[in-house]
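Observations on chain architecture
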Amino acid sequence: MDPITIAMALSQFAPSLIKWITGSDKAGEAAQKAIDIAKTVTGTNTSDEAIAAMKADPNLILKYRQAVLDQEVEFQKLAVENAADVNKTMQAEAASEHW
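None of the values given here were measured: they were computed from a predicted structure.

**Observations regarding the overall build of the protein**
Broken down by element type, the protein carries 5 helices and 0 strands. Ordered by position from N to C terminus, the α and β elements of the protein give α-α-α-α-α. Taking all 99 residues of the protein together, 32% fall into the buried category. Nonlocal contacts in the protein, meaning residues at least 24 apart in sequence, comprise 62% of its contacts between residues at least 6 apart. On the protein, roughly 6100 Å² of surface is accessible, and the fraction owed to carbon and sulfur atoms is 55%.

Laid out in structure tokens, this is it:
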């Protein structure tokens, strides 16, 4: 399964992930970060194991939500990088002779 699909599954435990893994060129990076956080919090080796562990233990869901909130700055950085990339592309298009 691709990282974005897995991160969407993880968003059932931390809904705030949705804004970081949709509509962005950096969505893949954000999704991988969400997966890594889940594996770390649950002490598992795979995303499937992490999801299963959280479904089985509500305390892990709380820990995961907190860990996602703790990484909010990193998710924001990815969003800012994406906006900067879009801005550069728009400036290059505006400067081109194709207009």
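**Here's the deal with the packing of helix 1 (residues 3-10) against helix 3 (residues 47-56)**
Their axes nearest at 11 Å, the elements helix 1 and helix 3 cross at an angle of 5°. With respect to each other, helix 1 and helix 3 are oriented roughly parallel. Contact residues: I6, A9 and L10 in helix 1; S47, I51 and M54 in helix 3. Taken together, the residues of the contact of helix 1 with helix 3 sort by class into 5 nonpolar, 1 polar and no charged.

**Comments concerning a nonpolar patch on the surface**
A surface patch of nonpolar side chains, amounting to about 210 Å² of accessible area, comprises I4, M8 and I18. Among the secondary structure elements, M8 is positioned in helix 1.

**Considering the nonpolar core**
Membership of the largest hydrophobic core comes to 25 residues, with the highest contact counts inside it found for L10, F13, L17, M54, Y64, V68 and F75. Breaking this core down by element, the ones donating at least two residues are helix 1, helix 2 (27-42), helix 3, helix 4 (58-70) and helix 5 (72-95). No other element matches helix 2, which puts 6 residues into this core. Residues contacting F75, with those up to four places away along its chain left out, are L17, W20, A30, K33, A34, I37 and V68.

**Let's talk about the environment of D2**
Within the secondary structure, D2 is located in the segment before helix 1. Sequence separation between D2 and Q32 is 30 residues; the distance between their C-alpha atoms is 9.3 Å. A distance of 3.2 Å separates a polar side-chain atom of D2 from the backbone nitrogen of I4.

**A closer look at the side chain of S47**
By the element assignment, S47 lies in helix 3. Take S47: its relative accessible area is 14%, and that puts it in the buried class. If near-sequence neighbours (up to four positions away) are discounted, S47 is found in contact with I6, I35 and K39.

**Points about the side chain of T44**
Inspection of the secondary structure puts T44 in the loop between helix 2 and helix 3. The buried category is assigned to T44, whose relative accessible area is 18%. At a separation of 2.7 Å, a polar atom in the side chain of T44 contacts the side chain of T42. Within the structure, the side chain of T44 is placed 3.4 Å from the backbone nitrogen of A50, a separation counted as a polar contact.

Here is what the cut-offs are and how they apply
- Residues numbered from 1 in each chain as written.
- Predicted model: local features only at pLDDT ≥ 70, side-chain atom pairs only at ≥ 80, totals over all residues.
- Heavy atoms only, no water.
- Helix = DSSP H or I, 4+ residues; strand = E, 2+ residues; numbered from the N terminus.
- Buried < 20%, exposed > 50% of the residue type's maximum accessible area, 1.4 Å probe, protein only.
- Contact = heavy atoms within 4.5 Å.
- Areas by Shrake-Rupley, 256 points an atom, 1.4 Å probe, with all protein chains shown as cover.
- Axes fitted to C-alpha atoms, helices over the stretch in contact; angles between N-to-C directions.
- Parallel < 35°, antiparallel > 145°, perpendicular 65-115°, else oblique.
- Nonpolar A, V, L, I, M, F, W, Y, C, P; charged D, E, K, R; others polar.
- Patch = residues over 30% accessible without salt bridge, like charges linked within 9 Å, V, L, I, M, F, W, Y side chains within 5 Å.
- Salt bridge = Lys/Arg side-chain N within 4 Å of Asp/Glu carboxyl O.
- Core = buried A, V, L, I, M, F, W, Y, C linked by side-chain atoms within 4.5 Å.
- Polar contact = N/O pair within 3.5 Å; in protein donor to acceptor, adjacent residues only side chain to side chain.

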